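Single-letter residue listing:
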Amino acid sequence: MSDQLRQTIYQALADIRLIDPHTHINPHAPASDTLADVLGYHYYTELAHSAGMPRDLIEQPGLGPREKVQRLVGGLEPLENTVQYSWLIDICRRFFGFDGGRLDGDNWEAVYDAAEQQMQVAQWPDMVLERSNVEAVFLTNDFDDALSGFDTRKYIPCLRTDDLVFHLAKPEVRERLQASSGVEVRDLGSLRAALEQRFDHFVRHGARACAISLPPGFAPGPVADGRAATALEAVLRDGVAAQDAHRDALARRVFWTLAELCDHHGLPFDLMIGVNRGVYPEGVYQGQDLYDSRVSLIQYKHLFNAFPDVKFPISVLASVTNQELVSYAWIFPNVITNGHWWYSNTPSFIERDAAARLEAVPQTKQIGYYSDAYKLEFVAPKFDMYRRILAKVLCESFVIDRGWSEEQAIELGHRVLRGNVETIFPDRTPEPSGDPSSVAPPAVESAGGAPEGPALAAGSSAVAGEEVAGVLWQQAPETQAPETQAPETPAAETDAAETEPAETEPAETQAAETEPAEFDWQDQAVSEQPVVGPVTGSDAPSAERADTASDDPLAAPSLDQLAADDSAPDPLAPPQPETPQLETPQLETPELETPELETPELETPAGITFDAEQELLDEQDDAQLWNAADDQDDLPDYQTTDMDDLPTVVEDAAPPAKRTPEQDREQTPAPENSSLAFDQQQEDADAQDDFQLWADDEEELLLEPLDPTPPETSLPHLEEYEPLNDSGTSLFDEDSGEGDDGEGSDQPSTDQPEKP
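Calculation criteria
Residues numbered from 1 in each chain as written. Predicted model: local features only at pLDDT ≥ 70, side-chain atom pairs only at ≥ 80, totals over all residues. Heavy atoms only, no water. Phe/Tyr/Trp six-rings, centres within 6.5 Å; stacked < 30°, edge-to-face > 60°. Buried < 20%, exposed > 50% of the residue type's maximum accessible area, 1.4 Å probe, protein only. Lys NZ or Arg CZ within 6 Å of the ring centre and 35° of its normal. Helix = DSSP H or I, 4+ residues; strand = E, 2+ residues; numbered from the N terminus. Salt bridge = Lys/Arg side-chain N within 4 Å of Asp/Glu carboxyl O. Core = buried A, V, L, I, M, F, W, Y, C linked by side-chain atoms within 4.5 Å. Patch = residues over 30% accessible without salt bridge, like charges linked within 9 Å, V, L, I, M, F, W, Y side chains within 5 Å. Areas by Shrake-Rupley, 256 points an atom, 1.4 Å probe, with all protein chains shown as cover. Axes fitted to C-alpha atoms, helices over the stretch in contact; angles between N-to-C directions. Parallel < 35°, antiparallel > 145°, perpendicular 65-115°, else oblique. Left-handed = near helix turned anticlockwise from the far one by under 90°. Contact = heavy atoms within 4.5 Å. Nonpolar A, V, L, I, M, F, W, Y, C, P; charged D, E, K, R; others polar. Pairing = 2+ DSSP bridges. pLDDT = per-residue confidence, 0-100.

Asker: So what about the packing of aromatic side chains? Which residues, and what values?
Answerer: One pass over the full model with this rule turns up 27 aromatic pairs. With a centroid separation of 6.5 Å and 65° between ring planes, the pair formed by Y41 and Y44 is classed as edge-to-face. The pair Y41 / Y44 is uniform in exposure class, with both members buried. Pairing F304 with F312 gives two aromatic rings, centres 5.5 Å apart and planes at 55°, and the pair type is tilted. Exposure remark for F304: the relative accessible area of 2% places this residue in the buried category. Relative accessible area serves as the criterion here: at 0%, F312 is assigned to the buried category. Through successive ring pairs, a cluster of aromatic residues spans F166, F218, F255, F269, Y300, F304, F312, Y328 and F332. When the ring centre of Y10 is taken as reference, the NZ or CZ atom of R388 above it lies at 4.2 Å.

Asker: Describe unusual backbone geometry, listing the residues and the values that go with them.
Answerer: At N133, a residue that is not glycine, the phi angle is positive and equals roughly 55°. Mapped onto the elements of the fold, N133 is located in the loop between α8 (124-131) and β2 (134-138). Accessibility expressed as a relative area gives 3% for N133, which makes it buried. Despite not being glycine, L147 has its phi angle at roughly 60°, a positive value. Summarising the element assignment, L147 is placed in the loop between β2 and β3 (155-156). Given a relative accessible area of 3%, L147 falls into the buried group.

Asker: Lay out the pattern of salt bridges with the relevant residues and their values.
Answerer: One pass over the full model with this rule turns up 25 salt bridges. For the salt bridge of R102 with E80, the shortest nitrogen-to-oxygen distance reads 2.9 Å. Here the residue R102 occupies a position in the loop between α6 (83-96) and α7 (108-119), and E80 occupies one in the loop between α5 (65-74) and α6, the gap between them amounting to 22 residues. For R102, a relative accessible area of 45% corresponds to the partly exposed category. Across the pair R237 and D238 runs a salt bridge whose closest N-O atoms are separated by 3.3 Å. The class for R237 is exposed, based on a relative accessible area of 55%. Where salt bridges share partners, they join R66, E109 and D113 into one cluster.

Asker: With reference to specific residues and values, describe the nonpolar core.
Answerer: I9, F96, F269, L271, L303 and F304 are the most contacted members of the largest nonpolar core, which totals 144 residues. Looking at which element gives the most residues to this core, the answer is helix α17 (residues 379-400), with 12 residues.

Asker: Account for a nonpolar patch on the surface, with residues named and values stated.
Answerer: The grouping of V279, Y280 and L290 at the surface amounts to a nonpolar patch, some 250 Å² of accessible area in total. One can find L290 in strand β8 (residues 290-291). A relative accessible area of 38% means that L290 is categorised as partly exposed.

Asker: Got a sec to walk through the packing of α6 against α7? Specific residues and values, please.
Answerer: Packed helix pairs are characterised by how far apart their axes lie and by the angle those axes make with each other. Between α6 and α7, the shortest axis-to-axis distance is 10 Å and the interhelical angle comes to 55°. One way to sum up the angle between α6 and α7 is to call them oblique. Crossing geometry of α6 relative to α7 is assigned as left-handed. Two secondary-structure elements touch here, α6 through C92, F95 and F96 and α7 through V111, A114, A115, Q118 and M119. When its residues are assigned to classes, the contact of α6 with α7 shows 7 nonpolar, 1 polar and no charged.

Asker: Explain the sheet that holds β3 to me, using residue names and the numbers behind them.
Answerer: Ordered by their spatial adjacency, 3 strands build an open sheet running β1-β2-β3, and the pairing between neighbours is parallel. Each edge of the open sheet carries a strand with a single partner, namely β1 (18-20) and β3. With 2 bridges connecting them, β2 and β3 associate as parallel partners. Paired with V137 across the two strands is Y155, which belongs to β3.

Asker: Quick one: what's the story with the packing of α6 against α8, residue by residue and with numbers?
Answerer: One can describe the packing of α6 onto α8 by two numbers: an axis separation of 11 Å at closest approach and a directional angle of 110°. The angle between the axes of α6 and α8 places the two elements in the roughly perpendicular class. For the pair formed by α6 and α8, the contact residues are R94, F95 and F96 on the first element and W124, V128 and R131 on the second. When its residues are assigned to classes, the contact of α6 with α8 shows 4 nonpolar, no polar and 2 charged.

Asker: Please set out the environment of T34 residue by residue, giving values where relevant.
Answerer: In this structure, T34 sits in the loop between β1 and α2 (35-39). Sequence separation between T34 and Q120 is 86 residues; the distance between their C-alpha atoms is 8.9 Å. T34 has contacts with P65, Y112 and M119, leaving out every residue within four places of it along the chain.

Asker: Any chance you could break down the confidence of the model for the protein for me, citing the residues and the numbers?
Answerer: Averaged over every residue, the pLDDT of the protein is 75; the share at 70 or more is 60%. With pLDDT under 50 throughout, residues 633-644 is counted as low confidence; its partners more than four residues away or in other chains account for 3 contacts. Every residue in residues 646-653 is under pLDDT 50, and counting partners more than four places away or in other chains gives 2 contacts.

Right, dumping it as structure tokens:
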């Protein structure tokens, strides 16, 4: 029962037409030329060397392809137990008609000749893609790649940035950057301008991702302008002899700038974390690097927090890091699990890691697998290995253990194998112009012969939201689209309409001149091959496929369905709740009436009469004050007077004798030459004041003294007063704080740096 169910699920997964989201394919020579290209894959050379074959025997200069195959076949016997050996047998059976189970000295020549005959066919790359049931593959393009001479919808560009981050100190790298961008790097401004030009170039040619391979000790973070300028100046002056601190600061600054540009252009940023280069210097080419268990994703917390809108598909080199990757994808919305890379790409590790991801990570955040192939022939056997493991996990863990239906399990497998590749890496290229010379993707058939998706006839244009050969076409953002769309040139022609500095030489020939170094992750140099011609005969596009409908519940939706609903939401985006429109009631504000206050008139108490004698005394006092104002010399100078000469107040002194108005008039001298006139209004006001004072004279005025001690106010106890920080944890909690991260002064002082 379980075996039959497992086989049913596997067959459904095998019928899915694939898009390989990461390879090292050279689009100008995507398939092998001889069997030596297959056996020359680093898996076989490094395993043969590990089993005892000398390095010089494998990499002898001038060694011909046939002799190289003969030598490597002689060292294959110790490798027959490995999964890599099973890939080799699968390739020979699938493409070259081999029906044996072992490649040895007795049969290798027949296989070599059969392979050479097949590979000489001009349409061989398309034949390999068809037999592998693969629609398109992602590339790994150097930053100075012209991206011309191939169909970017079949061979999808991806900007690889290792050299820009880790090798900018090399003069040849800076020369390549200047030649491709037209910008000479002299300071931080020109460096950013050169990087922006490269991003614009790649996005314009249909790139869907930026990628980089990172060493275990790398910890990205923002670098201040001053520190970055000092580092760049040192690197431009001293080159590779610059201090490691300067080169590290510049690497982190360039990396952070790349993340900013990914954010600006909406590109995912593939991170392949943990490779330690040059561990075994005496190893064969690409057989010198290993993983380091000391790597941790905590080193990337600043990056994940600073760029929440950038999707980070992450590959870890070893299975020991998979649980940490699962937990980060569990928590961070922008962290995505991506394939099974290199040393974790064997069945036992894949099964354990894939099961852990399927159990814990949202299904929309998983890219199941990529081949990492250098030649197209390896895509099929690698994916087939993964499909069998995935079918086993879906059968046992979901259908049998959790009671899922067979259809549910197949739907989940389809999502991680194909669906998520399209949603995480959407196609942002503009619509084809409709020029008859433009290149249209050829119609291909699945392994079972059923057509897969509609085909576009030459001269037609895809509509935004339609699926063409399994690829969802989307309209490019209006702000990035040019005002006039130039016709797309054929794949065989160079991009003459592009207003960029001319490439001095193809990227492939440049790669051949530079030997692999630390952090170097480039394809092997290959000579440029003629562009493959159009598919003819049985492989030619069929116009009937546009009208072909499929009853398969997992088949891609039709053009009509997609045209009716071209606003499929991004499954990674958080759900947007519908906010009802609230009607604001119109409140009527009543007018407040201000009451008129009636001020009662003061009534003069009975029995109070005008005192003429007192009025005369007041007038005399006023005259004395006015005379004193006119004669300042008569006033005592208290600033120069000794304190002992000042009069003192004696409490027991007798009050002065009461004087009569007549006596006051006799002793008060009349003012001389006085120009003051009598003011009747002022006199009336003074009289009124006197009246009020005299009216209160008989009443005793009592003033209560203020209480010197204020009333007590109860304060909360310490445990009742605990201010909270932004995270909601108490400031008095000893476990809530974090210590110094020990990084340099140019590192952010907080765990969540602001986005530049």
